[in-house]
2 protein chains.
Amino acid sequence: MDLDDILGDSCARDWQTIDPTAVSPVRFAVIGLGWFTRGRALPALEASDVCEPTVLVSSTAEKAKTVSAETAGEQTGIDYDAFHDGSAAAEYDAVYICTPNALHLPYVETAAELGKHVLCEKPMERDSDRARQLVETCEAAGIECMIAYRMQTEPAVRRAREIVAEGYVGEPMAVNGDMSQRLLDRVNPDPDQWRLDEELAGGGALFDIGIYPLNTARFLLDADPVEVTGKVSSSHDAFDEVDETVSFSVEFPDGVFGSCYASHNARQSSGITLTGTEGQVRIEPAFFQDQTRKLHISRGDGWASVRLTKVDQMLEEFDYFADRISGDAPMEPDAAHGLVDMHVMEAIYEGAEGRAWVDVSR
Amino acid sequence: MDLDDILGDSCARDWQTIDPTAVSPVRFAVIGLGWFTRGRALPALEASDVCEPTVLVSSTAEKAKTVSAETAGEQTGIDYDAFHDGSAAAEYDAVYICTPNALHLPYVETAAELGKHVLCEKPMERDSDRARQLVETCEAAGIECMIAYRMQTEPAVRRAREIVAEGYVGEPMAVNGDMSQRLLDRVNPDPDQWRLDEELAGGGALFDIGIYPLNTARFLLDADPVEVTGKVSSSHDAFDEVDETVSFSVEFPDGVFGSCYASHNARQSSGITLTGTEGQVRIEPAFFQDQTRKLHISRGDGWASVRLTKVDQMLEEFDYFADRISGDAPMEPDAAHGLVDMHVMEAIYEGAEGRAWVDVSR
């Protein structure tokens, strides 16, 4: 992978292992019909050649049917209880879970009982105990479970990762990432949204958006943290249960240092920069959807900025999931991978509370 | 200060208080004739209208005279002992000290005895005890002492600071800065250089280059750290006494979080980004000399990159010093200001050693 390869084939689906025309689409039960599902997930499933939404699950069958009426194809609309009772189970092969974090586990448990594969939004649960139960549930049932880290199938991130893996920037030395937005003032002013409820969310800015630079740093380095610390703060009253802002530091193996920042009260910004002994690669903008991403690459005396064609990140993610369900290649951001982030994020809170670095090298 | 002001007057000497044509030049004794003095400081003094080098001080009078022969104007060349004996004291008004860190204090002591003002390179000494003695020495003698933070008179930094102070990016939320280079592999392969000697330098990458993002963050925010931590590492054998790489985190007042990185073993890179509630300002490249600096500013939906005319940073610094010596305005990066960095940097090492956050809010 070099600059010429990126220019020539920037959005290549290097992960593809199956012929999309030779398989039946993976049929999805879509659980949780909030704005993200309606605005992002369902349009991607509609656009996909290898996935289709066949069952919609919401608080009421009526709501599910209303959303179905706005969705291409035909879907059965059921409520959460009906899902847990196994209703319409013959109509789907996998579930996509996009509910508040603390509700992921029960849907995974039902999916496991029904033998359905799982694509579960991140963070995978509200705490690491429940996340571990989620991992064990999937393992015991022999179902596939992927955590929905859409950056891992974002072409800009994959190209950056390939560049790093092939030594284009030398030995990795440092990673710096950030993601911020004005949640209450610009995105959603509702003080009762579940993201602010510690019981449902488990954490604040760290769990919701800090997980992007954290997980992408892991992915770019192909390494997991060994020690972490951080600081949290909140300024709006609505953030009385969870952090509005987090700054955290990560030590990776071989003395690679990471620093990340996430805030629900800072100007929208997102980027990640990896500095090596010989060069640097930056993705900016990085983490918000519907942005044209740029790779900024330096080596020697030169700097190059490569603008990548914008992809539908959710389509990439769903199609990757279908590829792995239909083929034999391993599903990479699996539940065990997601569990690492849960432990790390809890350790960051522990470090913030105890004003200390916390060992996460288990 | 807004974008129009920057475009119109990007390199304005907003700090200037005296008429340069109405004062006699400040005559400098220049102490320490290493590559930085010869390549950066003396050319700036030669170019200045309000400064002139009149005495050169080195290990031998011969070396001083050799350098003098290559320098415009006339200089008396003396050795360090002669300086301490007060030789040629009538020929200069101020001293510029550019020696290994641990030698700053004795030259300041002599300057104080002789009633000469001081411009002292950063970090101001090898440890905070000696730095405090330096402060007290200057205060007792009633001489002015400025620490040579050239970023504080760099136009790009001053314009960024004005933007921040006037609320152009809203409330400051985070600062992220870095400075790195390949010291041994690209800049100076000598394993015996004083920067690697703990006795002479006091610290490694943090003292030598980490001080740039640290001090510039303080300057942009007009605030001092309240708590810090960090991590250090070294890979080359030559860095067995001091850190080759440092990553550090800073909590400023009002929950503003900073993270900085400095390495003598990473690709040359330097930048500083301040993110506020309403916008962002980044200086990149930021800290190395002889680079054309850019200000990258965002607010609302827009992004602007402003390329500033390159200035001679040492000329700006010397002329600022002369302005303050000749006029009545306060000398801003004074010795007490430098002492804060010394305490903070020692606390970063303490935090790295103890895997903890360290209170520096005194």
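A few points on the structure. (Residues numbered from 1 in each chain as written. Chains lettered and ligands numbered in written order. Predicted model: local features only at pLDDT ≥ 70, side-chain atom pairs only at ≥ 80, totals over all residues. Heavy atoms only, no water.)

### Points about the pairing of strand β8 (residues 227-233) of chain A
Note on strand geometry: in a regular strand, side chains alternate between the two faces of the sheet. Residues and elements named next belong to chain A. Going by this rule: Only protein chains enter the area calculation, which uses a 1.4 Å probe; residues under 20% of their type maximum are buried, those over 50% are exposed, and those in between are partly exposed. A run of H or I in DSSP becomes a helix once it reaches four residues, and a run of E becomes a strand once it reaches two; helices and strands are each numbered from the N terminus. Whether two strands pair depends on DSSP finding at least two bridges between them.
Counting buried positions along β8 yields 6 of 7 residues, so the element is predominantly enclosed. Relative to strand β15 (residues 358-359), β8 runs antiparallel, the two sharing 2 bridges. Across the sheet, residue Glu-227 finds its bridge partner in β15, namely Asp-359.

### A word on the packing of helix α6 (residues 128-141) of chain A against helix α12 (residues 335-354) of chain A
Residues and elements named next belong to chain A. Which entries qualify depends on this criterion: Comment: axis = line fitted to C-alpha atoms, over the contacting stretch for helices; angle = value between 0 and 180 degrees taken between N-to-C directions. An angle counts as roughly parallel when it lies under 35 degrees, as roughly antiparallel when it exceeds 145, as roughly perpendicular when it falls between 65 and 115, and as oblique in every other case. Whether two residues touch is decided by their heavy atoms; if any such pair falls within 4.5 Å, the residues are in contact.
At their nearest, the axes of α6 and α12 sit 9 Å apart, and the two run at 170° to each other. The angle between α6 and α12 falls in the class roughly antiparallel. Note on element contacts: α12 touches α6 through Ala-335, Ala-336, Leu-339, Met-342, His-343 and Glu-346, opposite Ser-128, Ala-131, Arg-132, Leu-134 and Val-135.

### Things to note about unusual backbone geometry
Residue Pro-285 of chain A follows Glu-284 of chain A across a cis peptide bond; omega there is 0°. As for its placement among the helices and strands, Pro-285 of chain A is situated in the loop between β12 (279-283) and β13 (294-299). Between Lys-122 of chain B and the following residue, Pro-123 of chain B, the backbone shows a cis peptide bond with an omega angle of -10°. With respect to the secondary-structure elements, Pro-123 of chain B resides in the loop between β5 (117-120) and α6 (128-141). If you check the backbone angles, Ala-88 of chain B has positive phi at about 60° while not being a glycine. Within the fold, Ala-88 of chain B resides in the loop between α4 (80-84) and β4 (94-97). For Asp-222 of chain B, which is not glycine, the phi dihedral falls at a positive 55°. Structurally, the position occupied by Asp-222 of chain B is in the loop between α10 (205-221) and β8 (227-233). Judged by its relative accessible area of 62%, Asp-222 of chain B is exposed.

### Considerations on the packing of helix α5 (residues 104-114) of chain B against α6 of chain B
Residue and element names in this part refer to chain B. Spelled out, the test is: Think of it as three bins: nonpolar holds Ala, Val, Leu, Ile, Met, Phe, Trp, Tyr, Cys and Pro, charged holds Asp, Glu, Lys and Arg, and polar takes everything else, Gly as well.
Contact geometry for α5 and α6: axes closest at 9 Å, N-to-C directions at 5°. Comparing the axis directions of α5 and α6 gives the class roughly parallel. Counting all contacts with α5, which are made through His-104, Leu-105, Pro-106, Val-108, Glu-109 and Ala-112, the residues of α6 involved are Arg-130, Gln-133, Leu-134, Thr-137, Cys-138 and Ala-141. Counted by class, the contact of α5 with α6 contains 7 nonpolar, 3 polar and 2 charged residues.

### Things to note about the nonpolar core
Worth spelling out the cut-off: In this text, buried Ala, Val, Leu, Ile, Met, Phe, Trp, Tyr and Cys residues form a nonpolar core when linked through side-chain atoms within 4.5 Å. Each domain span listed reflects an automatic or database assignment of domains.
Of all hydrophobic cores here, the largest spans 80 residues; its most connected members are Val-95, Val-118, Met-124, Leu-134 and Leu-295 of chain A. If one sorts the elements of this core by residue count, helix α10 (residues 205-221) of chain A sits on top with 11 residues. Here this core spans two domains, since at least three of its residues come from each of domain 1 (3-150) and domain 2 (155-310 + 333-359) of chain A. Here Leu-295 of chain A is in contact with Ile-6, Ala-156, Arg-159, Ala-160, Val-281, Arg-282, Ile-283, Ala-304, Ser-305, Val-306 and Leu-308 of chain A, once residues within four sequence places are set aside. With 78 residues, the next largest nonpolar core counts Leu-134, Phe-207, Leu-220 and Val-281 of chain B among its residues.

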